[in-house]
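Chain by chain, the residues:
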Amino acid sequence: SFFWLVSVLFSSLVWFISVQVSNRDDAVLQYGLLIFGAAVSVLLQEAFRYAYYRLLKKADEGLATISEDGRSPISIQQMAYVSGFSFGIISGVFSVINILADAVGPGIVGVHGDSQYYFLTSAFLTMAIVFLHTFWGIIFFAACEKRKPFHIVGVVVSHLITSGLTFLNPWYEASLIPIYIITLGMGVWAFVAAGGNHHTIRKCLACAQ
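Computed from a predicted model, the values in this text were never measured in an experiment.

**Quick notes on the packing of aromatic side chains**
Any aromatic ring pair is given by two values, namely how distant the centres are and how the planes are angled relative to each other.
Piece 1. Inspection of every chain in the model, using the stated rule, returns 13 aromatic pairs.
Piece 2. An angle of 55° between the planes, with centres 5.0 Å apart, marks the rings of F3 and Y52 as tilted. Here F3 is found in helix α1 (residues 2–20), whereas its partner Y52 is found in helix α2 (residues 27–66), with 49 residues between them in sequence.
Piece 3. Accessibility expressed as a relative area gives 25% for Y52, which makes it partly exposed.
Piece 4. Relative to F140, the ring of Y50 has its centre 6.5 Å away and its plane inclined at 65°; by these criteria the two rings are edge-to-face. Placement of Y50 in helix α2 and of F140 in helix α4 (residues 118–146) is noted, with a sequence separation of 90 residues between them.
Piece 5. For Y50, a relative accessible area of 39% translates into the label partly exposed.
Piece 6. Take F140: its relative accessible area is 2%, and that puts it in the buried class.
Piece 7. By way of ring pairs, the aromatic residues F2, F3, F10, F48 and Y52 are connected into one cluster.

**Notes on the pattern of salt bridges**
Close approach of charged atoms allows side chains of opposite charge to pair.
Piece 1. For the coordinates displayed, the defined rule picks out 2 salt bridges.
Piece 2. With a closest N to O distance of 2.9 Å, E46 and R49 form a salt bridge. Of the two residues, E46 and R49 both sit in helix α2, 3 residues apart, roughly one turn of that helix.
Piece 3. Overall, E46 belongs to the buried group, its relative accessible area being 3%.
Piece 4. Look at R49 and you get buried, because its relative accessible area is 2%.
Piece 5. With its nearest N and O atoms 2.7 Å apart, the salt bridge here joins K57 to E145. Placement of the pair is K57 in helix α2 and E145 in helix α4, with a sequence separation of 88 residues.
Piece 6. Under the relative-accessibility criterion, E145 is labelled partly exposed at 33%.

**Let's talk about the packing of α4 against helix α6 (residues 172–193)**
Piece 1. Running from N to C, α4 and α6 cross one another at 30°; their axes reach a closest spacing of 9 Å. One element, α4, and the other, α6, form an angle in the roughly parallel class. The crossing of α4 and α6 is left-handed.
Piece 2. Grouping the constituent residues of the contact of α4 with α6 by class yields 21 nonpolar, 3 polar and 1 charged.

**Notes on the packing of helix α5 (residues 149–165) against α6**
Piece 1. The contact between α5 and α6 brings their axes to 9 Å, and the two run at 160°. Comparing the axis directions of α5 and α6 gives the class roughly antiparallel. As α5 packs across α6, the resulting crossing turns out to be left-handed. Across the interface between the two elements, H151, G154, S158, I161, T162 and L165 from α5 touch A174, S175, P178, I179, I182, M186 and W189 from α6.
Piece 2. Split into classes, the residues belonging to the contact of α5 with α6 amount to 8 nonpolar, 5 polar and no charged.

Basis of the calculations
- Residues numbered from 1 in each chain as written.
- Predicted model: local features only at pLDDT ≥ 70, side-chain atom pairs only at ≥ 80, totals over all residues.
- Heavy atoms only, no water.
- Phe/Tyr/Trp six-rings, centres within 6.5 Å; stacked < 30°, edge-to-face > 60°.
- Helix = DSSP H or I, 4+ residues; strand = E, 2+ residues; numbered from the N terminus.
- Buried < 20%, exposed > 50% of the residue type's maximum accessible area, 1.4 Å probe, protein only.
- Salt bridge = Lys/Arg side-chain N within 4 Å of Asp/Glu carboxyl O.
- Axes fitted to C-alpha atoms, helices over the stretch in contact; angles between N-to-C directions.
- Parallel < 35°, antiparallel > 145°, perpendicular 65-115°, else oblique.
- Left-handed = near helix turned anticlockwise from the far one by under 90°.
- Nonpolar A, V, L, I, M, F, W, Y, C, P; charged D, E, K, R; others polar.
- Contact = heavy atoms within 4.5 Å.

So, in structure tokens, the structure goes:
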């Protein structure tokens, strides 16, 4: 979570400086800078995900040297799941805080023509982001372990597309449906990257080891 927060801090600084040195009266330019800031945020999040992977890899090697059997008590797959889930949780918390801040105070959603589904769709979007970060973490770590750079590119591209789709709001059908399709695809990909197949599904359903 700390690594995600630092990445967002750097991306916000980039966006803030860009706004300060640009023409604030140009609405089109400011909207473009917002998209630019979102893209920078995605790239920095993935860069810090890789930095965290390298840190965990070093820690894993240290744990292996002091263990009795020469193996780390925590697997890379477990680390990938926990780190991805942490990225998702802190990202979701930030999203929910902003939405709840809009809900505090007088007024009712929809009075001024805003969508009455704002809070509901925001909740579903936040849930998708939490799942996506978890899946991205698993795929990213597996790609680093198996030296598959194209899989890392796939994570970054899907993250950029997901972030870009949010700019279609309040046209929620155009953003939420594709994002959930991406989420399902990433979930299947993460399952395979973690070593899952139809045999493991059968064992899971049969409660076998």
